[in-house]
Amino acid sequence: MSGSVITAVEKLETGIPGFEHVSVGGLPKGRTCLLSGTAGSSKTVFAVQFLVEGIRRGEGGVFVTFEESPDDVMSNMLSFGWELGEFVRDGKLAFVDASPQPDQEVVEAGSYDLGALVARIEYAVGKVQAKRVSVDSLGAVFSQFSDVATVRGELYRMAVALKKMAVTAILTAERTEEYGTLARFGVEEFVADNVIILRNVLDDEKRRRTVEILKFRGTDHAKGEFPFTVIPGEGVVIIPLSETKLEQKSSTLRVTSGNDTLDEMCGGGFFRDSIILVSGATGCGKTLLVTAFVSGAQKQDDRCLLFAFEESREQLFRNASGWGMDFETMEQEGRLKVVCVYPEVMGLEDHLIRMKKEIRAFAPTRVAVDSLSALERVSTGKGFREFVIGITSFIKHQEIVGLFSSTTPTLLGGASITEEHISTITDSILLLRYVEMFGEMRRGITVLKMRGSMHDKGIREYAIDGQGMHIGAQFHGIAGILSGQPMQISQPEIERMGSLFREELGE
């Protein structure tokens, strides 16, 4: 076009936690966005939060409601700490009430258009100098139209009118399936400039909320689904893995594991910014290693934060005392904080957000989680892996050493360290194994992996008593410990294998 100036699409920060990462800056400014989702997917909460965050930034807002009355909307949003009535009194928020009245009879609209409604919206926008508009929901207003062509025409007319008002708008729409048609009439997504999908999928009796940006006309956005949760007092919080970057610093400083022999096996201890996974069957001493790791904070003037998902604070303190470790004194001195909660109390996304808050508030130098396996129960496989990536990357960026315990599915070992292959995300792996020998159950420990450091390659026997874990000598003449099928090898066979190895080295 001659004489026209084409500019890049400007984006408006929504203020919704995590959304700017997913949308690469926010919603395209001055355009309409279709927010589609099934019942219970938090469409209304998202739409209201969009306005609230705008008001906090000095931008007036208009909420057009077709289903609930303004009083019901204001009452429902109080649990998030949003005083919508106060915003209305201060002239920062205006409601356009198009909700059905109790005595109103619903009839086929015929050729009825939305001209009067658009005029009311325009008046409200001017009244509060609104920059943001939320319409909830399209399904309610268009349900009386049987002609799809009429729906598309009126929807387009509304979108054009909102664009002329120079507002950024969210239009919510219902869908009947999580992965089916985007909206009820099948035309809404073609009229709106941008489409966002909210999902609340039931998978293996577990709910998982996700947000996906299907299209942003003329501008970039992150692809795929991202988990989110709805928190009382906060609203929608999105957890974008796309903000996780491999840019954390790498430290050469070592910290003690709390066990001198284990420190030697690890080449002098754990790196200050590493993530360590302790994997083993039930009862083989994982919690003891976690307890020793926490107690090791006393030796190096550290602060430790322990997240416990299987045992109570009193039980953990009693067990530590039985092994000669004083958690009470550590807590009194401000060196230790223990957070105990059952995994089933909340979803995994909520756990992640809460754990990040606790870490920021306490500012520890050590973090221990006992155990990951307990958290795995309340999530899908994909959700669990996203949680582990989220918490490990956060800890590493804080330059904190983290220790996680995980229970293996079999008693004597197997091919996999963890069910969801979390081992690839961690820097070091300590593997605990039962070893059945001559009708007796014994225990073995090995440093399976330690990035950036030499470490002991042997499988050592250990014992547990009232003083803790005592790591002894390496198992000799035993093969198949890690596979869970230990067998004794005769001395001549050991010597033969040794000679082959020496020949290979040219000795």
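Here, the structure is the one placed above.
These figures come from a predicted structure and were not determined experimentally.

Colleague: Before we go on, may I ask you to explain the pattern of salt bridges in this structure?
Modeller: If the charged atoms of two oppositely charged side chains come close together, the side chains can form a pair. Tallied over the full model, the rule gives 23 salt bridges. The shortest N-O distance in the salt bridge between Glu328 and Arg313 comes to 3.8 Å. Of this pair, Glu328 sits in helix H12 (residues 327-332) while Arg313 sits in helix H11 (residues 313-322), and the two are 15 residues apart along the sequence. Judged by relative accessible area, which is 36%, Glu328 ranks as partly exposed.

Colleague: Is there a simple way to think about the sheet that holds strand E15 (residues 304-308) in this case?
Modeller: Picture the strands of a sheet paired through backbone hydrogen bonds; they go either parallel or antiparallel. With mixed pairing, the 9 strands of this open sheet are ordered in space as E16-E15-E17-E18-E14-E19-E20-E21-E22. Because the sheet does not close on itself, it has two edges, and the strands there are strand E16 (336-340) and strand E22 (468-474). Averaged over all pairs of adjacent strands, the angle between their axes in this sheet comes to 20°, without regard to strand direction. Lying on the sheet, helix H13 (residues 348-362) is in contact with E15, E16 and strand E17 (366-370); it crosses E15 at an angle near 160°. On top of the sheet, helix H15 (residues 381-397) reaches strand E14 (275-280), E17 and strand E18 (401-407); it is set at about 155° to E18, its chief contact.

Colleague: Hey, could you run me through the packing of H13 against H15 in this one?
Modeller: Two measures define how a pair of helices packs: the angle their axes make with one another and the distance between the axes. Running from amino to carboxyl end, H13 crosses H15 at an angle of 10°, the nearest separation of the two axes being 10 Å. Judged by the angle between their axes, H13 and H15 are roughly parallel. In contact with Leu348, His351, Leu352, Met355, Lys356, Ile359 and Arg360 of H13, H15 contributes Gly383, Phe384, Phe387, Gly390, Ile391, Phe394 and Ile395. Residues of the contact of H13 with H15, tallied by class, amount to 9 nonpolar, 3 polar and 2 charged.

Colleague: Explain the nonpolar core to me, please; I cannot follow it from the model alone.
Modeller: The tendency in soluble globular proteins is for nonpolar side chains to be buried side by side. Grouped together as the largest cluster of nonpolar side chains are 40 residues, with contacts concentrated most on Leu262, Phe270, Val294, Leu336, Leu430 and Ile445. By residue number, the principal contributor to this core is helix H10 (residues 286-295), which donates 6 residues. Residues contacting Leu262, with those up to four places away along its chain left out, are Ser257, Phe270, Leu289, Leu430, Ile445 and Ile471. Core analysis: the second largest hydrophobic core is formed by 35 residues, Val22, Phe50, Trp82 and Ile213 among them.

Colleague: Please clarify how the pairing of strand E8 (residues 194-203) should be interpreted in this entry.
Modeller: Side-chain direction in a regular strand flips from residue to residue, so the side chains alternate between the two faces of the sheet. For E8, the tally of buried residues reaches 8 of 10 residues, placing the bulk of the element in the interior. Sheet topology places strand E3 (residues 32-37) next to E8; 5 bridges connect them, and they run parallel. Each residue of the ladder has a partner; that of Gly37, found in E8, is Leu198. Judged from the 10 bridges that link them, E8 and strand E9 (residues 206-216) form a sheet pairing that is antiparallel. Across the sheet, residue Ile197 finds its bridge partner in E9, namely Glu212.

Colleague: Mind showing me how you'd approach the pairing of strand E20 (residues 440-450) here?
Modeller: Note that strand E19 (residues 428-437) and E20 share 10 bridges and pair antiparallel. By the bridge assignment, Leu431 is partnered in E20 with Thr446. Between E19 and E20, which pair antiparallel and follow one another directly, the connecting turn spans 2 residues, one of which, Phe438, has a positive phi of 50°. Bridging between E20 and strand E21 (residues 460-465) involves 3 bridges; their strand directions are antiparallel. The residue of E21 that forms the bridge with Gly444 is Glu461.

Colleague: Honestly, the sheet that holds E3 in this entry has me stumped. Any pointers?
Modeller: Spatially, 9 strands are ordered E5-E4-E6-E7-E3-E8-E9-E10-E11 in an open sheet, and the strand pairing comes out mixed. The sheet is open, and its two borders are formed by strand E5 (93-97) and strand E11 (235-238), each paired with just one other strand. Across the sheet, the mean angle separating the axes of adjacent strands is 25° when strand polarity is ignored. Contacting strand E4 (60-65), E5 and strand E6 (130-136), helix H5 (residues 115-128) runs over the sheet at an angle of about 165° to E5.

Each value, and the rule that gives it
- Residues numbered from 1 in each chain as written.
- Predicted model: local features only at pLDDT ≥ 70, side-chain atom pairs only at ≥ 80, totals over all residues.
- Heavy atoms only, no water.
- Salt bridge = Lys/Arg side-chain N within 4 Å of Asp/Glu carboxyl O.
- Helix = DSSP H or I, 4+ residues; strand = E, 2+ residues; numbered from the N terminus.
- Buried < 20%, exposed > 50% of the residue type's maximum accessible area, 1.4 Å probe, protein only.
- Pairing = 2+ DSSP bridges.
- Axes fitted to C-alpha atoms, helices over the stretch in contact; angles between N-to-C directions.
- Contact = heavy atoms within 4.5 Å.
- Parallel < 35°, antiparallel > 145°, perpendicular 65-115°, else oblique.
- Nonpolar A, V, L, I, M, F, W, Y, C, P; charged D, E, K, R; others polar.
- Core = buried A, V, L, I, M, F, W, Y, C linked by side-chain atoms within 4.5 Å.

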